[in-house]
Amino acid sequence: MIGSLKKELIFSISIQVSVMFIGLVINKLISLNFGVETYSIYSVFKKTSGVISFIILGGMGIAIPKYLPQTDKKKDKLSLAFSAFYIVLVLAALLGLIVISFESFLEELVFGTNNNLILLCFFYSFIIALVSFSYAYLRGMDRIIYFNLSQLSVQLIVLTVVFFFTDSLQEFFLWSIISISIFVITQIVIELLKNRNIISVWKSKTIKPNIKELWSYGYSRLIGDFFLFSLNAIPLIIINNKFGNKWGGFFAAGITLKALINPIFSYIGIILLPKVSKSYKDKEYSQVDYLIRKFLYMYLIISVIVVAFIFIFNELLLKLFFSAEFIPAENIVNLIVLSILPNSLYLLLRNPIDAVTKKPYNTYTVAFSCCLGITLIYFSESIIQAAIFYNIIYVSLGLISFLIWKKIKLVNE
């Protein structure tokens, strides 16, 4: 496992650096074209679509890479993937009905104005959910190279859209939906051509048991994903409504810088999930523990270096990645990026925790941390105080995840 993991990590890190760089360019172009206040709305749209997309995904983003590596026969793997896809489609249909039925209420709740963004937000979320599903499938099939190349392709598609369609947020997101849809459909067609026996899988008697098993594992993760993606969406919505779009834009800048660093930490955990799942099945506990400890030290060192770098070059980074309009956000950004350290710990441990236990520990962790932090932010009296309370969310996530991993490790020793 360690030999193949090293090769995949080297390739993954190089691709993720490219993805991060393209993300920075996209962010720069959007902040320049739209300004601080519209950038705030853009950030709320993106964070909200993240919440919706993971409700649609129904926990399958974690369930697929957990169960596929534990299955040896190709037909059984296809049956699992097909069952998971069925769950995603059903959830998308149900959520679509809810959004259409309560469109005006949701529009006012999320965006504060009637600018006809909520339906667009739903369709964008659906496409992102399908993209995330394809990522999970590729990870579960141990096709890590294709997984990384797929991520890079989507990022390049969005970059192309930014260059040509930035007259309005609606236009940008509409063409993003169209472009990414073409990419996803192409992926699905290629996969179907490679697996022409998919019809026999559809008729398989394992579909219903698979759906039951996947849903029993995934629904609790769905709740966890809802809280996880609410960690950024709800604070932004509260700050926009409480302190105005300008301060919301400044707060969003800090969150964006933090989010752009996340791939450095999160994708190693993503690769670890299927590998840890298989290793635990084979009872290779000491090997897993060795890997986690090794990455833990590495994460702590990298996160300290990243935070120090942002502190030193704060103003330059705001000018470089956003615009001079965002310079007043310096103090807010300094506070928000402190969360990188505890968040790196959570990003490392969440996937191994899900890989080795069916109990939804991550859901409990995220739900508690989210409710604690958002409650504090809601009652904050200043933007600085809100930024401090935002850090509490990630301190809670990192600390609880570490304690859970220690507990799991002791049980298996």
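Everything discussed here concerns the structure shown above.
Residues numbered from 1 in each chain as written. Predicted model: local features only at pLDDT ≥ 70, side-chain atom pairs only at ≥ 80, totals over all residues. Heavy atoms only, no water.

Participant: Provide a residue-level description of the overall build of the chain, including the pertinent values.
Facilitator: Looking only at helices and strands, the chain features 16 helices and 0 strands. The 413 residues of the chain split such that 58% are buried. Residue pairs at least 24 apart in sequence account for 82% of intrachain contacts in the chain once pairs closer than 6 positions are excluded. When the accessible surface of the chain is split by element, carbon and sulfur atoms take 69% of a total near 18200 Å². (Helix = DSSP H or I, 4+ residues; strand = E, 2+ residues; numbered from the N terminus. Buried < 20%, exposed > 50% of the residue type's maximum accessible area, 1.4 Å probe, protein only. Contact = heavy atoms within 4.5 Å. Areas by Shrake-Rupley, 256 points an atom, 1.4 Å probe, with all protein chains shown as cover.)

Participant: I'd love a proper account of the packing of helix α5 (residues 118-140) against helix α6 (residues 144-164), names of residues and values included.
Facilitator: As a packed pair, α5 and α6 sit with axes 8 Å apart at the nearest point and diverge in direction by 160 degrees. Looking at the two axes, α5 sits roughly antiparallel to α6. Pair α5 / α6 crosses with left-handed handedness. Contacts between α5 and α6 pair Val131, Ser134, Tyr135, Leu138 and Arg139 from the former with Ile144, Tyr146, Phe147, Ser150, Gln151 and Val154 from the latter. (Axes fitted to C-alpha atoms, helices over the stretch in contact; angles between N-to-C directions. Parallel < 35°, antiparallel > 145°, perpendicular 65-115°, else oblique. Left-handed = near helix turned anticlockwise from the far one by under 90°.)

Participant: Pulling in residues and values, what's your account of the packing of aromatic side chains?
Facilitator: The tally for this structure, following the rule as stated, stands at 16 aromatic pairs. A centroid spacing of 5.4 Å and a plane angle of 80 degrees characterise the contact between tryptophan 247 and phenylalanine 250, whose relative ring orientation is edge-to-face. Of the two residues, tryptophan 247 and phenylalanine 250 are both situated in helix α10 (residues 245-281); the distance of 3 residues between them amounts to about one turn of the helix. Relative to tyrosine 390, the ring of phenylalanine 251 has its centre 5.6 Å away and its plane inclined at 90 degrees; by these criteria the two rings are edge-to-face. Of this pair, phenylalanine 251 sits in helix α10 while tyrosine 390 sits in helix α16 (residues 383-412), and the two are 139 residues apart along the sequence. Taken individually, phenylalanine 251 and tyrosine 390 each receive the classification buried, so the pair is uniform in this respect. Members of the aromatic cluster, joined through ring pairs, are Tyr42, Phe45, Tyr124, Phe172 and Phe173. Above the plane of the ring of tyrosine 146 lies arginine 143, whose end atom (NZ or CZ) is 5.6 Å from the centre. Sitting over the face of the ring of tyrosine 378, lysine 242 holds its NZ or CZ atom 5.8 Å from the ring centroid. (Phe/Tyr/Trp six-rings, centres within 6.5 Å; stacked < 30°, edge-to-face > 60°. Lys NZ or Arg CZ within 6 Å of the ring centre and 35° of its normal.)

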